[in-house]
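# Per-entry structural report
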Amino acid sequence: MAVSLDTNLFWLSFWLYLAAFVFFSIFAAARTRGIGVTATVMFLGAFALHTAGLAARWVISTHPPFSTMYEYALTMSWAVALAFIFIMARFRRMILGVVVSPVLIIVLVMASLLPKEASKQLMPALHSYWFYIHVTLAAVAEGAFIVAAGAGIVYLVRRKREAESELMPSHDLLEEIISRALRIGYPLFTIGALFAGSIWAQTAWGSFWSWDPKETGSLVIWLFYTLLLHQNVRGRWRGKMLAAMSIVGFGIAILSFLGNLFLGGMHAYTGA
Amino acid sequence: MAEQPKRSGEHFISQRLAVIVIAILFGASAAGWLATELVPANFIEKKGMYLERWGAAGSRLVELLRLYDPFHSFWYRAVLALFFVVFLLCLLTRWRQLILKSLRLEPPRGADELRKNKLAMEYTWHSTFGGERGARGPAIRYGDLLGKSQTPDPDAVAKSFAKIAAYLRGKGYRAVHREADGAIYFAAGTGRWRSPGNFLFHLGILAITLGGVVGSFTGWKDFVYVREGQTVPLPPDSVFSLRVDDFEIMTTKEMEVKEYVSTVSILDRAGARVAGGSVQVNRPMKFGGRRLYQSQYSVDETSFKYARVDYALRGRIRRGSIDLTPGADVRITGTSIVVTPGRFFPDFRMGSEGPYSASGFPSNPCLEVAVKNGDETERGYLFLYHPDFSKKFLTPIDLVLVHCEPIFYTGLEVSSNPASPILFLGFLLGTIGLALMYLSNPRTIKGVVDRETLVIAGTECRWKASFEKELGEIGEGVRRALASSKE
C-alpha cells in the first residue's frame, strides 16, 4: 500500500522531534545557547510538519483527524507540542524541551505502532458534532496532563541535581507550570471527556453512562486529578509531591489511552 | 491555602474527609476497572468452568463481591452513596463559604499581620529602612525622596491611598478599605468569580450524581427487533404499537456502512397512526416520554425477502429471469425444470461443519437452490458477488443470482430517563462553574498606609511565581503613583 502524504509528514516530524531532543540534551549538558536555539528551531520545524501532517490527514480522510487511535495520538501529541511552545514563549525556558520532547516522542512512537489507514467513512455513531467536541477537548486535556508530567519530571530532576541547575527553571516556576497545565487540563477533561461524552452517549446509545471500560478509565483519571487538585488547594500536595503525582496521573491517562487496544467495549472502534 | 481551624461539628464534613472519600471512590473505581478486565462478564453463565479454574474460594469471592459486574455491586454502591452523602453535607454546610470566599474582601487587622507574609513589601517615609523586612521586598525609601522621616502632609495618608486604589483599579483589582488610628487598611482583589464558579461546579457534580441515582431507579431501557412492515408493542406497555415502515442501510462503494435509518409509525390501540418519523444513530425520536434510538440492525440469517435469478438453458436459445421467494417453487417456462430456493447466507463462509453466515451483514450473499428436472434433483449455491463460484448444474441450465434482498431487522432501543433534566442541569452548572473557576485567576493584595509607612503584601494567589512578578510590577507602579503625589 502506498504511503500517503500525511504518513510521510508524520515520519518527518517524528525524526525532527527526535533530533530536537538530541540537541536539547546536548544543550542541557553543554549549556551553549546556540545549541538550545538550534534545538528550539528544530522543534518548531517538527511542529510545523506535524501540523501539516494533521492537515493532510484531515484532507485525505475528509474528516478531522480524531476517529482512530493513531489520529487521536497525533492530535494529542500536537497539543503537547503546542503547549510546550506556548510555555517556552511565556517563560523563556528552553531547557524544558529536554523533558517535553522525549515525552512527545513516546506518544509518537505509540502512534507509529498503530494502524495508519485513513478511512473516509466515519461509522454512523461518529456522525455528530459531539464527536468533535468530545475528542478535541479530551486530546487537548491529555496533552496538558502530559505537559504537567514533563514539568514534574524536571522538578524532580532539579531537586536531585540542585547544584548544577542554573539553567533549570526555579521550583516555583516549575510548580506554576505544573499547576497551570493541570488547571487547563482538568476543566477541559471534565467538560470534554465526561460531560460532552455523556451527552453524546445519551444521544447515540441512549444512556449517559454505561460503565464501558473507556468510560470507567476516564472516571478514574478524573477522580485522580480531582483528588490531586483538592490536595493541592488544601496545601498538601505541593512541590515534590505535586510533581510526582502529575507523573502518576499521566501514567493513568496513558493506561486509559492504551486500554482501547485491549479493553474492548463501546469505544473499541477507535482502535482501528 | 492552609485550612482554617475547624469548629467541632465541622470535622465530619471537613475538606480532609472530602479528600478521603474522593480517594476511596478513586480506589473503588480503579478496582472495578481492573475487575472488569480480569473477571469475564459471563462469569455467572459459565460458573462451572470458572469454579474449576479458580477454585471454590476464588469463585465464591468473585460472586460475593460481584466482580463480574463490579459497578453494580453492593460495595461500589456503598462507596457512591458515601460520596453522595458527604458531598451533599459538604455543600449544605459550606455553601456560603464556597460562594463568598473570593467575593469577600477583608482589610487586614494590622501591618504586622502583613509583614509576616512572604510576599510583603514595605515602603517607608523614613530615610533609613533597616531590619529584616528591608532586605526582603523592593523597599522604596521615600525618606530619600522627601528627606524626612514622616510625611509632612497631614492628608498624605488619604491621598496616598487614593493614588494606590486608582492604580490597583487600573490593574483590575477591586479595593475595599477601613480607616482606624489615622491609618488606612485596605484589601484589593481580582479574579473574584472563582468561588461562585467553584460552588456552581460542585453543585453541578452533585446534580449529576443525583441524576445518576434518580435515573438508575426510575429509568428503563428495552430493545425491539422489528422487520420492515412488522408491528410490535411499544415498550414499556402495550398502549401503543410500533410499526417499521421502512429500514434502509446506506453504504459506500466499499460496502462500509454510512448510515442506517428506520422510518417508523406509532399506532394507538385502534391501529391509527398517532406519530411517526425517522430514527437514526445520533437522531433519536421522542414520543410520550420515551426516546427511540437506532441501536443496531441484523439480517435474517435463514431467509430472504426476494431474489432474482437469471437463467440460460444450455442447448437452447432461451434466457430469462425468475423471481424467487422463500418456499415457493418456480418452473422455468417451457421446461420441466423447477427451481426451489433453500437456505440463505448473508455472509457465506464454508466451515468444517458446512456453510454458515459469518456475520449479519450481507457481505457475501449466497442462496442455496434446488434444481429439479424430472426425478433428479441437484442442490447448489449461487453467489451474488462471485458468480464464477456458483454451482454448475448437470441439468442443462445455468443460474446466476443477480439480486437478493435480505430481510433486515432494525434494532431499536426504547428508553426513558426521567432524570435527564437533572443531568443536563448538572452539566450546565458544572461547565459554567469550571469556566468561572479557571478563567478567573484570584489574587488578593492587602496593605496598610499610615503617616510613616506603606506595607503591601500579596496574600492570595494561585501561581506564586507569576504573582511575585506581578507584585513587583505593582510595587513599582505604586512607587511611581506615590512619587507623582509628591510633586
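Residues numbered from 1 in each chain as written. Chains lettered and ligands numbered in written order. Predicted model: local features only at pLDDT ≥ 70, side-chain atom pairs only at ≥ 80, totals over all residues. Heavy atoms only, no water.

## Observations regarding the overall build of chain B
On a plain count of helices and strands, chain B comes out with ten helices and 20 strands. Within the span of chain B, comprising 487 residues, buried residues form 45% of the whole. Accessible surface computed for chain B: about 25000 Å², of which carbon and sulfur atoms make up 55%. (Helix = DSSP H or I, 4+ residues; strand = E, 2+ residues; numbered from the N terminus. Buried < 20%, exposed > 50% of the residue type's maximum accessible area, 1.4 Å probe, protein only. Areas by Shrake-Rupley, 256 points an atom, 1.4 Å probe, with all protein chains shown as cover.)

## Here's the deal with the confidence of the model for chain B
All names here are of chain B. In the predicted model, chain B carries a mean pLDDT of 82, and the fraction of residues at 70 or more is 89%. Model confidence for chain B, summarised as mean pLDDT per element, is weakest for helix α5 (residues 131–136) at 37 and strongest for helix α9 (residues 420–439) at 93. Counting contacts from residues 126–148, a segment whose pLDDT is below 50, to residues more than four positions away or on other chains yields 47 contacts. This prediction of the complex comes with two scores: 0.81 for pTM and 0.84 for ipTM. (pLDDT = per-residue confidence, 0-100. Contact = heavy atoms within 4.5 Å.)

## Section: the interface of chain A and chain B
With 54 residues of chain A at the contact, the number on the chain B side is 52 residues. Carbon and sulfur atoms supply 66% of the area that chain A and chain B bury against each other, a total of about 4500 Å² over both sides. On the chain A side of the interface with chain B, the three residues burying the most area are Phe195(A), Trp211(A) and Arg234(A), jointly 16% of the side's total. Between the two partners, chain A and chain B, sit zero salt bridges. Between chain A and chain B we count seven residue pairs in polar contact (both at pLDDT 80 or more) in total. Every element with two or more residues in the side of chain A that touches chain B is listed here: α3 (69–91), α6 (171–205), α7 (213–233) and α8 (239–262) of chain A. Considering only residue class, the side of chain A that touches chain B consists of 28 nonpolar, 18 polar and eight charged. (Buried area = accessible area lost by both parts, 1.4 Å probe. Salt bridge = Lys/Arg side-chain N within 4 Å of Asp/Glu carboxyl O. Polar contact = N/O pair within 3.5 Å; in protein donor to acceptor, adjacent residues only side chain to side chain. Nonpolar A, V, L, I, M, F, W, Y, C, P; charged D, E, K, R; others polar.)

## A few points about the side chain of Ser466(B)
If you trace the backbone, Ser466(B) turns up in helix α10 (residues 464–486). Sequence-distant contacts of Ser466(B), that is, excluding residues within four places in its chain, are made with Arg90(A), Phe91(A), Glu176(A) and Arg180(A).

## With respect to the packing of α3(A) against helix α4 (residues 97–112) of chain A
Residue and element names in this part refer to chain A. Contact geometry of α3 with α4 gives a least axis separation of 9 Å together with a crossing angle of 170°. Here α4 runs roughly antiparallel to α3, going by the angle between their axes. Side by side, α3 and α4 meet where Tyr 70, Ala 73, Leu 74, Met 76, Ser 77, Val 80, Ala 81 and Phe 84 of the first sit next to Gly 97, Val 100, Leu 104, Val 107, Leu 108 and Ala 111 of the second. Partitioned by chemical class, the residues of the contact of α3 with α4 number twelve nonpolar, two polar and no charged. (Axes fitted to C-alpha atoms, helices over the stretch in contact; angles between N-to-C directions. Parallel < 35°, antiparallel > 145°, perpendicular 65-115°, else oblique.)

## Here we look at the nonpolar core
Leu242(B) and Leu399(B) are the most contacted members of the largest nonpolar core, which totals 173 residues. The dominant element in this core, judged by the number of residues it contributes, is α6(A), at 17 residues. Ignoring any residue separated from it by four or fewer positions in sequence, one finds Leu399(B) in contact with Val309(B), Asp310(B), Tyr311(B), Val339(B), Val369(B), Val371(B), Leu382(B), Ser390(B) and Phe393(B). Of all hydrophobic cores here, the second largest spans 21 residues; its members include Leu119(B), Ile164(B), Phe186(B) and Ala188(B). (Core = buried A, V, L, I, M, F, W, Y, C linked by side-chain atoms within 4.5 Å.)

## Thoughts on the environment of Gly197(A)
Residue and element names in this part refer to chain A. Note on placement: Gly 197 falls in helix α6. The buried category is assigned to Gly 197, whose relative accessible area is 14%. With eleven residues separating them in the primary sequence, Gly 197 and Phe 208 have C-alpha atoms 8.1 Å apart. With sequence-adjacent residues up to four places away left out, Gly 197 is seen in contact with His 134 and Gly 192.

## Focus: helix α7 (residues 156–170) of chain B
Working note: α-helix, 3.6 residues per turn, so residues spaced by three or four point in the same direction. Residue and element names in this part refer to chain B. The end-to-end C-alpha distance of α7, which contains 15 residues, comes to 21 Å, matching closely the 21 Å that a straight helix rising 1.5 Å per residue would cover. Those residues of α7 that fall on the buried side of the exposure criterion are Ala 156, Val 157, Ser 160, Phe 161, Ile 164, Ala 165 and Leu 168. Along α7, the residues classed as buried sweep out an arc of 160° about the axis, all on the same side. Residues of α7 that are exposed and point more than 90 degrees away from the buried face comprise Arg 169 and Gly 170. Looking at the residues trailing α7, positive phi occurs at Gly 172, about 90°. (Expected span 1.5 Å × (residues − 1). Arc of directions from axis to C-beta.)

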